[in-house]
Amino acid sequence: MSIDIRNITKRFPGYTALAGISLKVGTGELVALLGPSGCGKTTLLRIIAGLETADAGSIILEDRDTTNLPAREKKVGFVFQHYALFRRLNVFENVAFGLNVLPRSSRPRKKEIRERVLHLLGLVQMEWSIDRYPSQLSGGQRQRVALARALAVNPKVLLLDEPFSALDAKVRLELRRWLRKLHDEIHVTSIFVTHDQEEALELADRIVVINKGRIEQQGTPQEVYDHPANTFVYNFLGNVNVFHGRIRDGKVMVGGHHIEAQEKLNGHEEKTGQAFIRPHEIGVSRIRSSDNDMPGIIRDIRLMGSQIGLELESAGFEHPIEVEIPRETWSNLGLDRGDEVFITLDKVKVFTGDYEI
Ligand code: ADP
Ligand code: MG
């Protein structure tokens, strides 16, 4: 079932939580809503689910205007950030709950309920846990059961509100991969809310970046990562160096250095601008490979797993330059604190106008 969100606005006393959000989600798509805490993600999900009313705008599910329908008539499954399993029901009873409370006329027979619950627990790889109580499960297991419970009533739309954010990093990573595979099997139209850019990039067919109740950009993970529409998206999608400078003759001047921009910079008039570049896009070597390379000194080295983070100082730059290189490159170069290096800094993305994080 497709979701068509049209110009949704929501104000709380003294605060605009959603300032006109329009978004289409295709049938079977998995879309991530990505944005910082407080940007309106949960409010939007609750409005789609019918748990909250919008001040203006409409929610069309397939071809039906469901804006004023209550939640129970919407056929929407919801998984929340905090485990919302019933503590006094075992896993089987939790998953069967939505079916058991259906009116007698539409309630499946006991045997069918049992088959459906076992099938769903199989999908989330929790068949073994039917007799357990939520307190006997780990956080990740509980969220898998919560997902099975949301799917039990055959929802046409699945809404997931930061379902993994209370779990530790390793489990979170496992579950997002697992959810991606599950979605490939069941293809239920899904909106996944997260404030974690890696989670969104890895999981979603499409990412919608939200800030202060507005959509900043939407596109495939690769589109938003490689071509951020503005400084907010650039910042939010990963670590970035920002250099303030002046734009002149198609180049950016930062602290006396000419840096090449990604795109052709138009206009001859000199203006101020910001150059953005991600730490892993900067090159470091022991020898100067072009006239544009800049000398720098390694002030700090951080182990980041497979990558090494370097903090470089270079004359004319106000702040240290953050660089990330593969661990292997680092050990091949034999770099240490205090060493002199050459920094290759080009293909920066330039934004003019106001800079806002
Ligand atoms: P997110 O899920 O992106 O963190 P929310 O949608 O929960 O953000 O909240 C968006 C903004 O609306 C926040 O500033 C929050 O404080 C405010 N807000 C949310 N719900 C209410 C409410 N019931 N009453 C007043 N303000 C609210
Ligand atoms: Mg939220």
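A few points on the structure. Within every chain, residues take consecutive numbers counted from 1 along the sequence as written. Chain letters and ligand numbers both follow the written order, the letters beginning at A and the numbers at 1. Only residues with pLDDT of at least 70 get local features here, since the model is predicted, and only at 80 or more are side-chain atom pairs given and counted; chain-wide, interface and lining totals rely on the full set of residues. Excluded from the side-chain calculation are hydrogens and water; included are all heavy atoms of the structure.

A few points about the overall build of the protein
Reasoning step 1: Helix numbers and strand numbers start at the N terminus; a helix is a DSSP run of H or I with at least 4 residues, a strand a run of E with at least 2. Scanning the protein from terminus to terminus reveals nine helices and 20 strands.
Reasoning step 2: Overall, the C-alpha framework of the protein stretches about 80 × 45 × 35 Å when taken along its three principal axes.
Reasoning step 3: Any residue under 20% of the maximum accessible area for its type is buried, any over 50% is exposed, and the rest in between are partly exposed; the area is computed with a 1.4 Å probe on protein chains only. Out of the 357 residues belonging to the protein, those deemed buried represent 47%.
Reasoning step 4: For the purpose of charge, His is not counted, nor are the chain termini; Lys and Arg are scored as positive and Asp and Glu as negative. A single reference atom marks each charge: NZ on Lys, CZ on Arg, CG on Asp, CD on Glu. Distance from the positive charge centre (47 side chains) to the negative charge centre (48 side chains) of the protein: 10 Å.

Here's the deal with the packing of helix α2 (residues 91-100) against helix α4 (residues 139-151)
Reasoning step 1: Each axis is a line fitted through C-alpha atoms, taken for helices only over the stretch in contact, and angles between the N-to-C directions span 0 to 180 degrees. It is at 7 Å that the axes of α2 and α4 come closest, and there the two elements cross at 30 degrees. One finds that α2 runs roughly parallel with respect to α4. Here α2 runs over α4; the crossing is right-handed. Contacts between α2 and α4 involve Val91, Asn94 and Val95 on the former and, on the latter, Val145, Ala148 and Arg149. What sets the label is the angle itself: under 35 degrees gives roughly parallel, over 145 gives roughly antiparallel, 65 to 115 gives roughly perpendicular, and the rest give oblique. Two helices that cross are described as forming a left-handed crossing if the nearer one is turned anticlockwise from the farther one by less than a right angle, and a right-handed crossing if clockwise. By the convention used here, residues are in contact when the closest approach between their heavy atoms is within 4.5 Å.

With respect to the nonpolar core
Reasoning step 1: Formed by 35 residues in total, the largest nonpolar core has its most connected members in Val95, Leu121, Leu147 and Leu179.
Reasoning step 2: Those elements giving two or more residues to this core turn out to be α2, α3 (110-123), α4, β7 (157-161) and α5 (169-186).
Reasoning step 3: The leading source of residues in this core is α4, at six residues.
Reasoning step 4: In contact with Leu121, not counting residues within four places along its chain, are Val91, Val95, Met126, Glu127, Ile130 and Ala148.
Reasoning step 5: What we call a nonpolar core is a set of buried Ala, Val, Leu, Ile, Met, Phe, Trp, Tyr and Cys residues that are connected through their side-chain atoms within 4.5 Å. Membership of the second largest hydrophobic core comes to 28 residues, among which are Ala261, Ile282, Leu335 and Leu345.

A closer look at the packing of α4 against α5
Reasoning step 1: Taken N-terminus to C-terminus, the directions of α4 and α5 make an angle of 20 degrees; their axes are 11 Å apart at the nearest point. Taken as axis vectors, α4 and α5 run roughly parallel relative to one another. Remark: the crossing between α4 and α5 carries right-handed chirality. For the pair α4 and α5, the contacting residues are Gly140, Arg144, Leu147 and Leu151 in the first and Val171, Leu175, Trp178, Leu179, Leu182 and Ile186 in the second.
Reasoning step 2: Three residue categories are used. Nonpolar comprises Ala, Val, Leu, Ile, Met, Phe, Trp, Tyr, Cys and Pro, charged comprises Asp, Glu, Lys and Arg, and polar comprises the others, including Gly. A per-class count over the contact of α4 with α5 returns eight nonpolar, one polar and one charged.

Some details on the site of ligand 1
Reasoning step 1: Any residue with at least one heavy atom within 4 Å of a molecule or strand is counted as near it. Around ligand 1, the surrounding shell consists of Phe12, Tyr15, Ala17, Pro36, Ser37, Gly38, Cys39, Gly40, Lys41, Thr42 and Thr43.
Reasoning step 2: Polar contact criterion, stated in full: a pair of N or O atoms within 3.5 Å, where within protein one must be able to donate a hydrogen and the other to accept it, and residues adjacent in sequence count only if both atoms are side-chain atoms. Between ligand 1 and Lys41, the relevant distance is 2.9 Å, taken from an oxygen atom to a main-chain nitrogen or oxygen of the residue.
Reasoning step 3: Within the side chain of Thr43, an N or O atom sits 2.5 Å from an oxygen atom of ligand 1.
Reasoning step 4: Protein burial of ligand 1: of its 560 Å² of free accessible surface, 60% is covered by the chains.
Reasoning step 5: Secondary structure elements with two or more residues in the shell around ligand 1: β2 (15-25) and α1 (41-49).
Reasoning step 6: The greatest single-element share of the shell around ligand 1, amounting to three residues, is contributed by α1.
Reasoning step 7: Here the residues of the shell around ligand 1 are counted per class, giving five nonpolar, five polar and one charged. Where accessible areas are quoted, they stem from the Shrake-Rupley method and a 1.4 Å probe; at the residue level, only the protein chains shown are allowed to cover.

A short note on the sheet that holds strand β4 (residues 56-61)
Reasoning step 1: When DSSP finds two or more bridges between a pair of strands, those strands are recorded as paired. The sheet built from four strands is open, its strands ordered β2-β1-β4-β5 with antiparallel pairing. In this open sheet, the two edge strands, each paired with only one partner strand, are β2 and β5 (64-65).
Reasoning step 2: In this structure, strand β1 (residues 3-12) lies alongside β2, joined through eight bridges in antiparallel fashion. Paired with Ile5 across the two strands is Leu23, which belongs to β2.
Reasoning step 3: Sitting on the sheet, α1 touches β1, β2 and β4, and the angle it makes with β1 is about 120 degrees.

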